[in-house]
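Spelled out from the first residue to the last, the chains are:
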Amino acid sequence: MIHIYSLKEVAGLGIAILLLLTTIPVKAQSDSPGPKIGVKAGLNFSQLYVDQPNAEDENVKLGYHFGIFGKIPVTDFLAVQPEVLYTNVGSKVTYGGSDVADILGIEPGEVRFNLNYVQVPVALAINIGPLNVHAGPYLAYLLSANVKDLEKSELSAKDIKDLETEDFNRTDYGVMGGVGFDIQNVTVGARYNYGLREIGKSGLAGSFTENSKNSIVQIYLGFGI
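Parameters at a glance
- Residues numbered from 1 in each chain as written.
- Predicted model: local features only at pLDDT ≥ 70, side-chain atom pairs only at ≥ 80, totals over all residues.
- Heavy atoms only, no water.
- Helix = DSSP H or I, 4+ residues; strand = E, 2+ residues; numbered from the N terminus.
- Buried < 20%, exposed > 50% of the residue type's maximum accessible area, 1.4 Å probe, protein only.
- Contact = heavy atoms within 4.5 Å.
- Areas by Shrake-Rupley, 256 points an atom, 1.4 Å probe, with all protein chains shown as cover.
- Phe/Tyr/Trp six-rings, centres within 6.5 Å; stacked < 30°, edge-to-face > 60°.
- Lys NZ or Arg CZ within 6 Å of the ring centre and 35° of its normal.
- Patch = residues over 30% accessible without salt bridge, like charges linked within 9 Å, V, L, I, M, F, W, Y side chains within 5 Å.
- Salt bridge = Lys/Arg side-chain N within 4 Å of Asp/Glu carboxyl O.
- Pairing = 2+ DSSP bridges.
- Polar contact = N/O pair within 3.5 Å; in protein donor to acceptor, adjacent residues only side chain to side chain.
- Core = buried A, V, L, I, M, F, W, Y, C linked by side-chain atoms within 4.5 Å.

## Description of the overall build of the protein chain
Next up, step 1: A count of helical and extended segments in the protein chain gives 3 helices and 10 strands.
Next up, step 2: Mapped in sequence order, the helices and strands of the protein chain form the string α-β-β-β-β-α-β-β-β-β-β-α-β.
Next up, step 3: Here the protein chain holds 225 residues, and the buried ones make up 46% of them.
Next up, step 4: Counting only contacts in the protein chain whose residues sit at least 6 apart along the sequence, the fraction spanning at least 24 positions is 70%.
Next up, step 5: Surface exposure of the protein chain reaches about 10900 Å², of which carbon and sulfur atoms provide 64%.

Right under this line is the structure:
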């Protein structure tokens, strides 16, 4: 089981590793590498923190993301980095007995939330040689959602028909920040995304995911052109 403190530790460890990489001798790079575009992909470690008395535990869900990025220099040290990503997030939440669970026909146990977004982050990046530190806002649109009741095992999971894509807010927005390390046309990095909007609408989804917001640690590998 991984809780919010563990996610922060994962992010901190990733940042520490990337900072250590800067001590490895590499070919010097200009602080203004020029505009570039590329593709990137990586893993998501996502979690929902459900503010509901019957939500007994929230576990990290392993997902993925992929897409394109651009890097547009503003000065010798600053660049704007827009991206368009497909990203799969969610969580595994263990519920005890509740009125909401009775209405949905869910026995106490684990429920898996799968949320698929198109995400558009726009970061301001500070370039320090091969190291870049970046942060900024993001906007995302929910393409699809499915919720499964993991009764006994993953093999016997069944869809919860009462909760569909339309029960969740289509748009999400938040802030993100991280670090990256560039070697020629290859970039590797870690990033944390924090959503500022609840994922569930009012009604069943709102009750079932009370005050839940997206919280995601990402690690990625990119190739620039």
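## Considering the packing of aromatic side chains
Next up, step 1: Scanning the model with the defined rule gives 3 aromatic pairs in all.
Next up, step 2: Taking 6.4 Å as the distance between ring centres and 5° as the angle between the ring planes, the aromatic pair formed by Y64 and F66 counts as stacked.
Next up, step 3: When its relative accessible area of 44% is taken as the criterion, F66 is described as partly exposed.
Next up, step 4: Using a relative accessible area of 39% as the deciding quantity, one classes Y64 as partly exposed.
Next up, step 5: Its end group placed over the ring of Y220, K40 keeps NZ or CZ at 3.7 Å from the ring centre.

## Section: a nonpolar patch on the surface
Next up, step 1: On the surface, V39, I68, V84, V120, V122, V186, V188, L221 and F223 cluster together into a nonpolar patch covering about 650 Å² of accessible area.
Next up, step 2: In this fold, V120 is placed in strand 5 (residues 109-128).

## Re the pairing of strand 1 (residues 36-48)
Next up, step 1: Relative to strand 3 (residues 61-73), strand 1 is paired through 11 bridges, and the arrangement is antiparallel. Across the sheet, residue K36 finds its bridge partner in strand 3, namely K71.
Next up, step 2: The pairing of strand 1 with strand 10 (residues 214-224) spans 11 bridges and is antiparallel. Its bridge partner being in strand 10, S46 is matched across the sheet by I216.

## Quick notes on the side chain of N44
Next up, step 1: Mapped onto the fold, N44 is located in strand 1.
Next up, step 2: Within the local environment of N44, its side chain forms a polar contact with the backbone oxygen of Y64, the two atoms lying 2.9 Å apart.
Next up, step 3: There is a polar contact of 3.1 Å between the side chain of N44 and the side chain of Q218.
Next up, step 4: If sequence neighbours within four positions are ignored, N44 has contacts with K61, L62, G63, Y64, H65, T87, N88, V89, I216, V217 and Q218.

## Describing the nonpolar core
In globular proteins that are soluble, nonpolar side chains generally tend to be buried together.
Next up, step 1: The biggest cluster of nonpolar side chains holds 17 residues, and the ones touching the most others in it are F113, L115, Y117, L142, F168 and I199.
Next up, step 2: Secondary-structure elements contributing two or more residues to this core are strand 4 (78-95), strand 5 and strand 6 (131-150).

## Notes on unusual backbone geometry
Next up, step 1: Despite not being glycine, Q184 shows a phi value in the positive range, around 55°.
Next up, step 2: For Q184, a relative accessible area of 58% translates into the label exposed.

## Some details on the pattern of salt bridges
Next up, step 1: For the structure on display, the rule yields 4 salt bridges.
Next up, step 2: Across the pair K71 and D182 runs a salt bridge whose closest N-O atoms are separated by 3.4 Å. In this pair, K71 is assigned in strand 3 and D182 in strand 8 (residues 171-183), connecting sequence segments 111 residues apart.
Next up, step 3: Classification of K71 as buried rests on a relative accessible area of 4%.
Next up, step 4: Residue classification places D182 among the buried residues on the basis of a relative accessible area of 7%.
Next up, step 5: Salt-bridge contacts for E83 lead to R191; the nearest nitrogen and oxygen are separated by 2.9 Å. Of this pair, E83 sits in strand 4 while R191 is found in strand 9 (residues 186-195), placing the two residues 108 residues apart along the sequence.
Next up, step 6: Take E83: its relative accessible area is 3%, and that puts it in the buried class.
Next up, step 7: What you see here is one network of salt bridges that share partners, running through K40, E83 and R191.

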